[in-house]
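# Chains, contacts and geometry: an overview
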Amino acid sequence: MKISSEEIARIARIVGDLRQASQNPALKEKKPTDLVHIVNKVLQLVEKKAVNNNIDLELNKERPTMPGLVNAEQIQQVILNLVINSMDAIKQGGKIMIS
């Protein structure tokens, strides 16, 4: 029962965050952005954790730029979450390839 209560509380926080984000006009702003630049920023943020866990981070550089019309802060957070979750799943040693 404890797990259910904790999960309900977690879901309530997520819904509250989503509601707040939808009401914040600044978060709705989409601008032309280079997605490769955002991914590189994320890789710099997690580099130390990757080195400490013997995880290689690799960005497929077939496309030097990847333009998109996005909210850069939101996309950066999404990519950061995906990379951190991947690193947590690998635990020690391995490779994360972003393409």
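In the block above lies the structure referred to throughout.
Residues numbered from 1 in each chain as written. Predicted model: local features only at pLDDT ≥ 70, side-chain atom pairs only at ≥ 80, totals over all residues. Heavy atoms only, no water.

Turning next to the environment of glutamine 74. Looking at where glutamine 74 falls in the secondary structure, it is placed in helix α4 (residues 72–90). Residue classification places glutamine 74 among the partly exposed residues on the basis of a relative accessible area of 35%. With 44 residues separating them in the primary sequence, glutamine 74 and lysine 30 have C-alpha atoms 9.9 Å apart. (Helix = DSSP H or I, 4+ residues; strand = E, 2+ residues; numbered from the N terminus. Buried < 20%, exposed > 50% of the residue type's maximum accessible area, 1.4 Å probe, protein only.)

Right, let's talk about the pattern of salt bridges for a bit. Within this structure, the stated rule accounts for three salt bridges. Taking the shortest distance from any N to any O, the salt bridge between glutamate 29 and lysine 31 comes out at 3.8 Å. Residue classification places glutamate 29 among the partly exposed residues on the basis of a relative accessible area of 43%. On the basis of relative accessibility, which here comes to 48%, the residue lysine 31 falls in the partly exposed class. A salt bridge links glutamate 58 to lysine 95; the shortest N-O distance between them is 2.9 Å. Taken together, the residues glutamate 58 in strand β2 (residues 55–59) and lysine 95 in strand β4 (residues 94–98) connect sequence positions 37 residues apart. (Salt bridge = Lys/Arg side-chain N within 4 Å of Asp/Glu carboxyl O.)

Moving on to the pairing of strand β3 (residues 67–70). The two faces of β3 differ: Gly68 and Val70 on one face are buried, but Pro67 and Leu69 on the other face are not. Here strand β1 (residues 31–34) pairs with β3 via four bridges, running antiparallel. Residue aspartate 34 lies in a different strand from β3, and its bridge partner there is proline 67. (Pairing = 2+ DSSP bridges.)

One way to put it is that helix α3 (residues 35–52) packs onto α4 with a least axis distance of 9 Å and a crossing angle of 40°. The angle between α3 and α4 places the two elements in the oblique class. Note on packing geometry: the crossing formed by α3 with α4 is right-handed. Facing Leu35, Ile38, Val39, Lys41, Val42, Leu45, Val46, Lys49 and Ala50 of α3, the residues of α4 in contact are Ala72, Ile75, Gln76, Ile79, Leu80, Val83, Ile84, Met87 and Asp88. Each residue belonging to the contact of α3 with α4 can be placed in one class, and the counts come to 14 nonpolar, one polar and three charged. (Axes fitted to C-alpha atoms, helices over the stretch in contact; angles between N-to-C directions. Parallel < 35°, antiparallel > 145°, perpendicular 65-115°, else oblique. Left-handed = near helix turned anticlockwise from the far one by under 90°. Contact = heavy atoms within 4.5 Å. Nonpolar A, V, L, I, M, F, W, Y, C, P; charged D, E, K, R; others polar.)

So, on to the layout of surface pockets. Reported here for the largest pocket is a volume of approximately 200 Å³. In terms of lining, the largest pocket is formed by Leu35, Val36, Val39, Leu59, Asn60, Glu62, Arg63, Met66, Ile98 and Ser99. At three residues, the largest contribution of residues to the lining of the largest pocket is made by α3. When grouped by side-chain class, the residues that make up the lining of the largest pocket number six nonpolar, two polar and two charged. Approximately 160 Å³ is the volume found for the second largest pocket. Around the second largest pocket, the lining residues are Leu43, Gln44, Glu47, Ala50, Val51, Asn54, Ile55, Asp56 and Leu57. It is α3 that contributes the most residues to the lining of the second largest pocket, five residues altogether. (1 Å grid on protein atoms, 1.4 Å probe; cavity = no way out; pocket = protein on both sides within 12 Å on 5 of 7 lines; lining within 4 Å. Points joined across faces, edges and corners; volume = space filled by probe spheres on them.)

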